[in-house]
Amino acid sequence: MEYRTLGRSGCSVSTLALGTMTFGNETDEGGAHAQLDRFVEAGGTFIDTADVYSAGASEEIVGRWLASASAEVRDQVVIASKGRFPMGGGPNDVGLSRRHLDRALDASLRRLGVETIDLYQVHSWDPLTPVEETLGFLDDAVRRGKIHYVGLSNFTGWQIQKTVDVADFRGLARPVTLQPQYSLLSREIEWEITAACASEGLGLLPWSPLGGGWLTGKYRRDERPTGATRLGENPERGVEAYDRRGRIERTWAVVDEVRKLAEERGVSMAQIALAWVADRPTVTSVILGARTIEQLTDNLAAAGLHLSEEERARLDKVSDPGAADYPYGDPGREQRSRKVTGGR
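Quick caveat, the model's predicted, so the values are computed rather than measured. (Residues numbered from 1 in each chain as written. Predicted model: local features only at pLDDT ≥ 70, side-chain atom pairs only at ≥ 80, totals over all residues. Heavy atoms only, no water.)

## Some words on unusual backbone geometry
Rules: A helix here means a DSSP run of H or I that spans at least four residues, while a strand means a run of E at least two residues long, and both kinds are numbered starting from the N terminus.
The omega torsion across Tyr-326 and Pro-327 is 5 degrees, close enough to zero to call that bond cis. With respect to the helices and strands, Pro-327 occurs in the loop between helix H13 (309–319) and helix H14 (330–336). In this model, Asn-154 sits at a positive phi of 65 degrees, which is unusual for a non-glycine residue. Looking at the secondary structure, you find Asn-154 in the loop between strand S7 (147–153) and helix H6 (157–170).

## Brief notes about the packing of aromatic side chains
Worth spelling out the cut-off: Classification of ring pairs uses Phe, Tyr and Trp, with its six-membered ring standing for Trp, and accepts pairs whose centres are within 6.5 Å; under 30 degrees between planes counts as stacked, over 60 as edge-to-face, and the remaining range as tilted. Accessibility here uses a 1.4 Å probe with only protein chains present; expressed as a share of the type maximum, an area under 20% marks a residue as buried, one over 50% as exposed, and anything in between as partly exposed.
The tally for this structure, following the rule as stated, stands at six aromatic pairs. On the basis of an interplanar angle of 20 degrees and a centroid distance of 5.6 Å, the ring pair of Trp-191 and Tyr-328 is categorised as stacked. With Trp-191 in the loop between strand S8 (175–179) and helix H7 (193–200) and Tyr-328 in the loop between H13 and H14, this residue pair connects regions lying 137 residues apart in the sequence. For Tyr-328, a relative accessible area of 26% corresponds to the partly exposed category. Their ring planes at 70 degrees and their centres at 5.4 Å tell us that Trp-214 and Trp-252 sit as a pair that is edge-to-face. Residue Trp-214 is found in the loop between strand S9 (203–204) and helix H8 (230–233), and its partner Trp-252 is found in helix H10 (residues 249–265); the two are separated by 38 residues along the sequence. Judged by relative accessible area, Trp-214 falls into the buried class, the value being 1%.

## Description of the pairing of S7
Each regular strand displays side chains that alternate between the two surfaces of the sheet. How we decide: For two strands to count as paired, DSSP must find a minimum of two bridges between them. A clockwise course of the path from the first strand over the helix to the second, judged with the strands pointing away from the viewer, identifies a crossover as right-handed.
With five of its seven residues buried, S7 lies for the most part within the structure. The pairing of strand S6 (residues 117–122) with S7 spans five bridges and is classified as parallel. Bridge pairing links Ile-117 to Ile-147 in S7. Crossover connection from S6 via helix H5 (residues 131–143) to parallel S7: handedness right-handed. As paired strands, S7 and S8 are joined by four bridges and run parallel to one another. Bridge assignment links Ser-153 to a residue of S8, and that residue is Gln-179.

So, in structure tokens, the structure goes:
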């Protein structure tokens, strides 16, 4: 296992993180604890959860595991959680207001059984709450010792920049990370979001690095998935829905190239896909979302795996989402470029 810092902070975490969205839903408590044990045995130190995962059950499962773990393990792991989405039916049970986040953070601390959450992330932008209000609460939480670091999740480029600018201007706790969707099948964040993070020193924590299972090779062209897979149980699930991604020729071209590289390297397709995203610029840690211990074990084998420049170029080319000419395509980039030359 390798380690990197959370953005420009001094806190180090493993380059593979254990995501816990399946805990309490697709993965029962016994299976979840087995995953957590296997993760730390492999040198993993970074565990990511959220209050909304299984309506709080994920945090509770992680909390009971922490309570049963050795003092050495508890001392080494870095815990991340999130707040923003509804945890009740009231009008104030959602959002990034001081009122909601205060209750959400305290509830997460209780479920996890800890005094401090290492990285507390706002789960998405809230158009109704002033950034100053959200950052003011988070700064207070840092000063009170309830959280160590602030993170963002699912923010666009301008939202990242505004948040950082307000934090700097008002002298408030500055975000150190962004958690976005990022994989060979979802590279659009490279058009502006990764540049904003690189400019301001935020480390990326990619979620869904396997494209919801697409990059493991489990799905086939013209064959709707069935059985015990996420899309087999629900083919219309989220952004990775079969009828949405399966209609895009680029999807199959990427899957085929990942399969070729996996065969050449003698590793799994998942390991190739994880190695690609782990070495993208500004990435701190890649969030694994396994349902079973077998899937997690395979994913963890990607630790320390690095692709060659030629292998990365092959994947970059086939997975290029093809930005329109302006502002993110070649003509737009040309307008923003500059070289030191003569005046003519």
